[in-house]
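Examination of the molecular architecture
For reference, the chains in residue letters:
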Amino acid sequence: MALDGLDHLVSRCPSVLKDAIRKLNTGDSTAFAQPTFVVPKSDMHLEFLSLLESKERTDVTFQKRKQGERNDGDANVMWQQLLVAADRYGVQGLRLACERRLGSYINTNTVATILALAEQHHCRRLKEECLDFPAHLKQVMAVGGLDHLRSICPSVLIDLVAKLTALKHNR
């Protein structure tokens, strides 16, 4: 196959072949060096902004929600999924933003799920926020939160017991 390539070069571009042979004979080390090129700085954000502002050739419409119209369940799930993706692909800034936002969704119904997620994705601050929620432990138990933790992430129960023990001794 390499010989076929040379045959093609000889028949189609003899001057290129002669130039390459001359450079090899003179010891020119840059004869076959890989060309370098500079990747230009991305302006994708400007392109997206242009698309949003132009309203031409669009198949998606963004609508601003009225104040007070917030679906916490959907947003909570969205932040959880973003956290998983950010952790998987090593996007630390997004991971920290997700961790911070998920902290605002901690309540009796979500603390067990968020705690398990924090443990699985090594979110130390989010885990601490969840462990600081034991004041409502009876309510968490009533909605099955501890059963959920036991089945998904049993190691977190040890941390929870340690936190409760520390709280008991601090009183």
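Cut-offs and rules
- Residues numbered from 1 in each chain as written.
- Predicted model: local features only at pLDDT ≥ 70, side-chain atom pairs only at ≥ 80, totals over all residues.
- Heavy atoms only, no water.
- UniProt positions renumbered as here; feature names shortened; annotations may be inferred.
- Helix = DSSP H or I, 4+ residues; strand = E, 2+ residues; numbered from the N terminus.
- Buried < 20%, exposed > 50% of the residue type's maximum accessible area, 1.4 Å probe, protein only.
- Areas by Shrake-Rupley, 256 points an atom, 1.4 Å probe, with all protein chains shown as cover.
- Core = buried A, V, L, I, M, F, W, Y, C linked by side-chain atoms within 4.5 Å.
- Contact = heavy atoms within 4.5 Å.
- Patch = residues over 30% accessible without salt bridge, like charges linked within 9 Å, V, L, I, M, F, W, Y side chains within 5 Å.
- Salt bridge = Lys/Arg side-chain N within 4 Å of Asp/Glu carboxyl O.
- Disulfide = S-S within 2.5 Å.

Per an unreviewed UniProt entry, the protein chain goes by BPM/SPOP BACK domain-containing protein and derives from Miscanthus lutarioriparius. Listed under Pathway (unreviewed entry) in UniProt, the entry text for the protein chain is "Protein modification; protein ubiquitination." Looking at the protein chain in UniProt, the text filed under Sequence similarities (unreviewed entry) is "Belongs to the Tdpoz family."

All right, on to the overall build of the protein chain then. A count of helical and extended segments in the protein chain gives 10 helices and 0 strands. Element order for the protein chain, N to C, with α for helix and β for strand: α-α-α-α-α-α-α-α-α-α. Buried positions account for 23% of the 171 residues belonging to the protein chain. For the protein chain, the computed accessible surface area is about 13,600 Å², with 57% contributed by carbon and sulfur atoms.

Attention now moves to the nonpolar core. In terms of nonpolar packing, the biggest core is built from 24 residues, with Ile106 and Leu126 touching the most fellow members. Counting residues per element, the ones that place at least two in this core are helix H4 (72-89), helix H5 (92-103), helix H6 (111-120), helix H7 (124-131) and helix H10 (155-170). Of all the elements, H6 adds the most residues to this core, at 7 residues. Ignoring sequence-local partners within four residues, the contact set of Ile106 consists of Val111, Ile114, Leu126, Glu129, Cys130 and Phe133.

With that out of the way, let us pick up a nonpolar patch on the surface. Together, Met78, Leu82, Tyr89, Val91 and Leu94 make up an exposed nonpolar region whose accessible area comes to about 440 Å². Broken down by element, the residue count for the nonpolar patch peaks at 3 residues, all from H4. Tracing the sequence through the fold places Tyr89 in helix H4.

Turning next to the state of the cysteines. This structure, assessed with the given rule, holds 0 disulfides. Left unpaired, Cys98 is separated from the closest cysteine sulfur, that of Cys123, by 8.6 Å. Sulfur of Cys130: no disulfide; nearest cysteine sulfur belongs to Cys123 and is 9.7 Å away. Since its relative accessible area comes to 3%, Cys130 is described here as buried.

Another point: the environment of Ala75. Tracing the sequence through the fold places Ala75 in helix H4. Between the alpha carbons of Ala75 and Leu102 there is a distance of 9.1 Å; along the sequence they are 27 residues apart.

Now for H6. Since the α-helix advances by 3.6 residues per turn, residues separated by three or four positions end up pointing in the same direction. Summarising burial for H6: 7 of the 10 residues are buried, a large majority. Of all the residues in H6, the buried ones are Val111, Ala112, Ile114, Leu115, Ala116, Leu117 and Ala118. His122, located one to two residues past H6, shows a positive phi value of around 55°.

In this section: the pattern of salt bridges. By the definition in use, this model includes 2 salt bridges. Residue Asp87 is joined to Arg95 by a salt bridge in which the shortest nitrogen-to-oxygen separation is 3.6 Å. What makes Arg95 buried here is its relative accessible area of 10%. The closest approach of N and O atoms between Lys127 and Glu119, which form a salt bridge, is 2.6 Å. You can call Glu119 partly exposed: its relative accessible area is 22%.

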